[in-house]
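Each chain is listed here by its residues.
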Amino acid sequence: MRVIDLIHKSEKTAFSFEILPPLKGTGIEKLYQTIDILREFEPKYINITTHRSEYVYQDLGNGLFKRSRLRRRPGTVAVAAAIQNKYGIPMVPHILCSGFTREETEYVLLDLQFLGITDLLVLRGDKAKHESVFVPENGGYSHAVELEEQINNFNKGIFVDGSEMKITQTPFSYGVACYPEKHEEAPNMETDLYWLKRKVETGAEYAVTQLFYDNRKYFDFVKRANEAGINVPIIPGIKPFKKLSQLSMIPKTFKVDLPEELTHELLKCRDDHEAQQVGIEWCVKQCKELIANGVPSLHFYSVGAADSIREVARQIY
């Protein structure tokens, strides 16, 4: 069953969360621990991120450095398959433009289809750390819409070279990302909504938001999206505030604002434990308001926050 069907058929506000594949050289056990913490809330699906290769520099000790490419978090496809097989929970891997050619994407789609994983989250992805602006791979894509078009053609049985598949399997369905406070590269919200509409018109069945802490910005975004003719479910992406260092890190990293009321309470905190409790209380309040306003689902970003999410979920589900 597709993610969009799981959301629509849920008798209550659906619950889902996102995880990262383990760092290269580490095991999968910590991921299993996160899932064990959160599966009591009956997640409809679990997202798993995909990470591009980056350039790293090795000091050769003679004043010279060797540049090579490294993927710090490989294994998205294998980890997704392992989790789906172990828990029976649908997995939704991220598919990126960033760092991938169209041929590499095709091989990923083939592998996922063989494994029975046919829900995706389609993203352009972030620019490489060594780049000042996003640069697609040679033979890759600049925008998620182009990646959607490749997936659509794959679903029709057409490879990137134009040849036809002998046998077609279960088609992929997919969602996309959206930004209630605007993507950092968008010149204005109107342009951001234009691209979201393009992604929906190309085939996205739902959109998941970047994390936010001010529900007014989510409600305003959904209203503007609906007025622009975007009528797919827009799922709020949520992450409980946890550490005092996040007061500066979250706005810098995610380009989102922290509400004055939340900031005021956090500045009273003496340590991270107190900040975590404030974060849980704020998140519970935030989620209850979203549920009261009929959101179809809540999607939690679990990295470093699984214990807080468990406490929030216990209070709202």
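Heads up: the structure comes first, above all this text.
These figures come from a predicted structure and were not determined experimentally. Within any chain, residue numbers begin from 1 and follow the written order of that chain's sequence. Given that the model is predicted, a residue must reach a pLDDT of at least 70 before its local features are reported, and side-chain atom pairs must reach 80 or more before they are shown or counted; all residues, however, enter totals for whole chains, interfaces and linings. Computation of side-chain values: all heavy atoms of the structure, hydrogens and water removed.

(A) Up close: the overall build of the protein chain. From N to C terminus, the protein chain includes eleven helices and ten strands. For the radius of gyration, the atom set is restricted to C-alpha positions; the globular benchmark scales as 2.2 Å times the number of residues to the power 0.38. The C-alpha atoms of the protein chain give a radius of gyration of 20 Å, which matches the 20 Å a tight globule of 317 residues would have. Taken along the three principal axes of its C-alpha coordinates, the protein chain extends 60 × 60 × 45 Å. Under the scheme applied here, a residue whose accessible area is under 20% of the maximum for its type counts as buried, over 50% as exposed, and between as partly exposed, the area being computed with a 1.4 Å probe on protein chains only. Sorting the 317 residues of the protein chain into buried and exposed places 50% on the buried side. Contacts are assigned to residue pairs that have any heavy atoms within 4.5 Å of one another. When contacts within the protein chain are restricted to residue pairs at least 6 apart in sequence, those whose partners lie at least 24 apart make up 76%. Using a 1.4 Å probe, accessible areas were evaluated by the Shrake-Rupley method; residue-level cover was limited to the displayed protein chains. Per element, the accessible surface of the protein chain, about 15900 Å² overall, is 49% carbon and sulfur. Neither His nor the chain ends is counted toward charge; the positive residues are Lys and Arg and the negative residues Asp and Glu. For charged residues, the charge sits on one atom: NZ in Lys, CZ in Arg, CG in Asp, CD in Glu. Between the centroid of the 40 positive side chains of the protein chain and the centroid of its 43 negative side chains there is a distance of 3 Å. Where helices and strands are cited, they refer to DSSP runs of H or I of at least four residues and of E of at least two residues respectively, numbered from the N terminus.

(B) Fine view of the state of the cysteines. Any two cysteine sulfur atoms within 2.5 Å of one another count as a disulfide. What the rule picks out here adds up to zero disulfides. Here Cys283 stays free of any disulfide, with the sulfur of Cys287 as its closest cysteine sulfur at 4.0 Å. By relative accessible area, which is 2% here, Cys283 ends up buried.

(C) Representation of unusual backbone geometry in the model. Positive phi values are uncommon outside glycine, yet Glu42 reaches one of about 55°. Assignment of secondary structure puts Glu42 in the loop between α2 (29-38) and β2 (45-48). Phi is positive for Lys255, which is not a glycine, with a value near 60°. Structurally, Lys255 can be placed in the loop between α8 (246-254) and α9 (260-266). Residue classification places Lys255 among the partly exposed residues on the basis of a relative accessible area of 39%.

(D) Geometry of helix α10 (residues 272-292). For α10, spanning 21 residues, the distance from its first C-alpha to its last is 30 Å, which sits close to the expected 30 Å at 1.5 Å a residue. All of the buried residues along α10 are Ala275, Gln276, Val278, Gly279, Ile280, Trp282, Cys283, Val284, Gln286, Cys287 and Leu290. Where α10 is buried, its residues contact α7 (215-227), β9 (234-238), α9, β10 (297-301) and α11 (306-316). A side-chain oxygen of the first residue of α10 lies 3.2 Å from the backbone nitrogen of His273; this N-cap is Asp271. With its phi angle positive at about 80°, Gly294 sits one or two positions after the end of α10. Multiplying 1.5 Å by the residue count of a helix minus one yields the expected span of that helix. Side-chain atoms alone can form a polar contact between residues adjacent in sequence; in general such a contact is a pair of N or O atoms within 3.5 Å, and within protein one must be able to donate a hydrogen while the other accepts it.

Scope: geometric values only; no functional claims are made or implied.
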